[in-house]
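An overview of the molecular structure
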Amino acid sequence: MAPDYHRAKLRGKSFKGQDLTGVDFSYSDIRGANFTGAILRGANFSHAKAGLQRRWFVILVIFSLFLSLLSGSIAAVGGSLVGFVLTEQNQPNLYVGVVSLIVLVIFFLLAIRKGIVAATGFLAVAVAWVAVAAVAWAGLVAVAWAGLAADTGAMGLAQLVAVIVTGAVGVVVSATGAVIVSGAAALAGAVAGVFAVAMTVAIAGCISGMIAVAASTVGVLAGAVAAAVGISVVVLASYVGCSALAGDEKQKLIRNIIVNIAAKYGTTFQGANLTDADFTQTKLKNTNLTKANLTRTCWFQVKKLRLAAFENTYLEKEDLRELLITKQLQNRNCDGWDLQGINLAGANLKDVSLSGANLSESNLQNADISRGKLVQAHVDKTDFRGANLTGAYIEDWRISPDTKLENVKCEYIFLRVPTTENPNPNRLPSNWEETFSEGDFAKSVSPLSKLSNL
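Residues numbered from 1 in each chain as written. Predicted model: local features only at pLDDT ≥ 70, side-chain atom pairs only at ≥ 80, totals over all residues. Heavy atoms only, no water.

1. Quick notes on the overall build of the chain
Counting its regular elements, the chain contains 11 helices and two strands. Mapped in sequence order, the helices and strands of the chain form the string α-α-α-α-α-α-α-α-α-β-β-α-α. Within the chain, buried positions represent 48% of all 454 residues. Partitioning the contacts of the chain with sequence separation of at least 6, the portion at a separation of at least 24 is 40%. (Helix = DSSP H or I, 4+ residues; strand = E, 2+ residues; numbered from the N terminus. Buried < 20%, exposed > 50% of the residue type's maximum accessible area, 1.4 Å probe, protein only. Contact = heavy atoms within 4.5 Å.)

2. Quick look at helix H8 (residues 252–264)
With 13 residues, H8 should reach 18 Å at 1.5 Å per residue; the first-to-last C-alpha distance of 18 Å fits that figure. For H8, the set of buried residues is Ile254, Arg255, Asn256, Ile258, Val259, Ala262 and Ala263. (Expected span 1.5 Å × (residues − 1).)

3. Concerning the nonpolar core
Residues Phe35, Leu40 and Leu274 are the most contacted members of the largest nonpolar core, which totals 64 residues. Those elements that place two or more of their residues in this core are helix H9 (318–326) and helix H10 (440–445). Among the elements that line this core, the one with the most residues is H9, at three residues. In this view, Leu40 contacts Leu20, Phe25, Phe35, Phe45, Phe269, Ala272, Asn273, Leu274, Thr275 and Ala277; residues no more than four positions away in its chain are not counted. Listed in part, the 39 residues of the second largest apolar core include Leu187, Val233, Ala237 and Ala244. (Core = buried A, V, L, I, M, F, W, Y, C linked by side-chain atoms within 4.5 Å.)

4. Things to note about a nonpolar patch on the surface
On the surface, a cluster of nonpolar side chains totalling about 330 Å² of accessible area is made up of Val117, Leu253, Ile257 and Ile261. No other element matches H8, which puts three residues into the nonpolar patch. Its location among the elements puts Ile257 in helix H8. (Patch = residues over 30% accessible without salt bridge, like charges linked within 9 Å, V, L, I, M, F, W, Y side chains within 5 Å. Areas by Shrake-Rupley, 256 points an atom, 1.4 Å probe, with all protein chains shown as cover. Salt bridge = Lys/Arg side-chain N within 4 Å of Asp/Glu carboxyl O.)

5. Quick look at the environment of Val165
Tracing the backbone shows Val165 in helix H5 (residues 152–192). For Val165 and Val96, which are 69 residues apart along the polypeptide, the C-alpha to C-alpha distance reads 9.5 Å.

6. What to know about empty space enclosed by the protein
The full count for this structure, using the stated rule, is one cavity of 30 Å³ or more. In this model, the largest cavity occupies a volume close to 50 Å³. Looking at the largest cavity, the residues that line it are Phe108, Ala111, Ile112, Ile116, Ala178, Ser182, Val233, Leu236, Ala237 and Val240. Here the element with the most residues in the lining of the largest cavity is helix H7 (residues 220–245); it accounts for four residues. Residue composition of the lining of the largest cavity, grouped by class: nine nonpolar, one polar and no charged. (1 Å grid on protein atoms, 1.4 Å probe; cavity = no way out; pocket = protein on both sides within 12 Å on 5 of 7 lines; lining within 4 Å. Points joined across faces, edges and corners; volume = space filled by probe spheres on them. Nonpolar A, V, L, I, M, F, W, Y, C, P; charged D, E, K, R; others polar.)

7. Describing the pattern of salt bridges
Using the criterion set out here, one finds seven salt bridges in the structure. One salt bridge connects Arg296 with Asp276, and the closest N-O pair in it is separated by 2.9 Å. With Arg296 in the loop between H8 and H9 and Asp276 in the loop between H8 and H9, this pair connects stretches of sequence that are 20 residues apart. Given the relative accessible area of 19%, Arg296 is considered buried. By relative accessible area, which is 35% here, Asp276 ends up partly exposed. Ionic contacts of the salt-bridge type, sharing partners, join the residues Arg11, Asp29 and Arg31 into one network.

8. Comments concerning the environment of Tyr314
Residue position: Tyr314 is located in the loop between H8 and H9. The exposure class of Tyr314 is buried, given its relative accessible area of 17%. Considered as a pair, Tyr314 and Gly341 are 27 residues apart in the sequence and their alpha carbons are 9.5 Å apart. Ignoring anything within four residues of it in the chain, the contact list for Tyr314 reads Leu294, Thr297, Trp299, Leu320, Leu324, Gly341 and Ile342.

9. Considering the layout of surface pockets
Here the largest pocket is characterised by a volume of approximately 270 Å³. The wall of the largest pocket is formed by 13 residues, among which Arg31, Lys49, Ala50, Leu52 and Lys285 lie closest to the centre. Tallied by class, the residues present in the lining of the largest pocket amount to four nonpolar, three polar and six charged.

Spelled out as structure tokens, the structure:
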């Protein structure tokens, strides 16, 4: 007899590799539980609470705040270095300082518009060019710093190279701070919500300001630049971090890194078989679903799924996640979508267009697909039991003997979509005054029934 874990407290328990087919985990507390590689076919996790245990929650929040302190400090130090370049009142230094600020501005804009990866790539190229310029004078600089050259020209050149290197280091350090701030803000949001994100940003900003004041002792301009760069890094990078959690595809790298860090200590279903499992209204924040078998798994009204780790599964597609959670596809155009092995039982699919879509092995039990377009749709082993197909268009749909059509509700069906050239949609029953009797629809479209009539 299968164990019953209904409303059980299973925090931190290990079920690794166990066969738990059909087990009831509904309303249970499974935070920190380990289901790695478990067989959970048909298991019921509805209304369960997954994610981090309290101790890991506290640890990760503290870690994110520590990252914010570190990132704020780094950003302000970078800003002070750029500002220091501008303290020497001569034209070459001014050029280096301005170029450094321009590079930082471009880095910030790219981080927002194209993502951290693109911005970091640009920074690498920019710094490489700076390195080439500095290396061009490396021999003279070595002589000057070793005290082997006394002429003013060589010493001035050495100072210029030092200024260039200082500006480049300032840019790199500031950008590093931006990346860490992004991660800190995202991690705080992943484990603690908006309040923790706000605290992260505020603390990082305070540290940036403190460093900026200290930097002002080497010059008002240096202090002002440090403050501006530090605050800009904190604000813009926090925006990047929040965008990553909101599902911005450009910030996917940040999102994946942070969510996987948090999910590592939360509930894990990594590699588990969750075929036909039910997660209705389950809280899945900080849950690891990577490489799990999610065939026909029910995600109806799940909470915080965007904060779960789900690499290498169909949940990576944001539009599909939304449909699985809401089950509202009325009037949607899903032509050509790969919907193989998903659970849309009871979904509202009225007037949906699924032409050419792959619905093989999917669960559409009791779904309302009335007037839906299933033209050339793949429905091999699709479960239509109890579904409403009245008025649907099934021209050339890829049905098989394994397609389940028992108890389908259908008054009439169209064998083709009407066009201007061919307005007759080939209605069944052909008499527009008639409707199917119970069971007639399945007999009319089933490949087996057609074969028996040959």
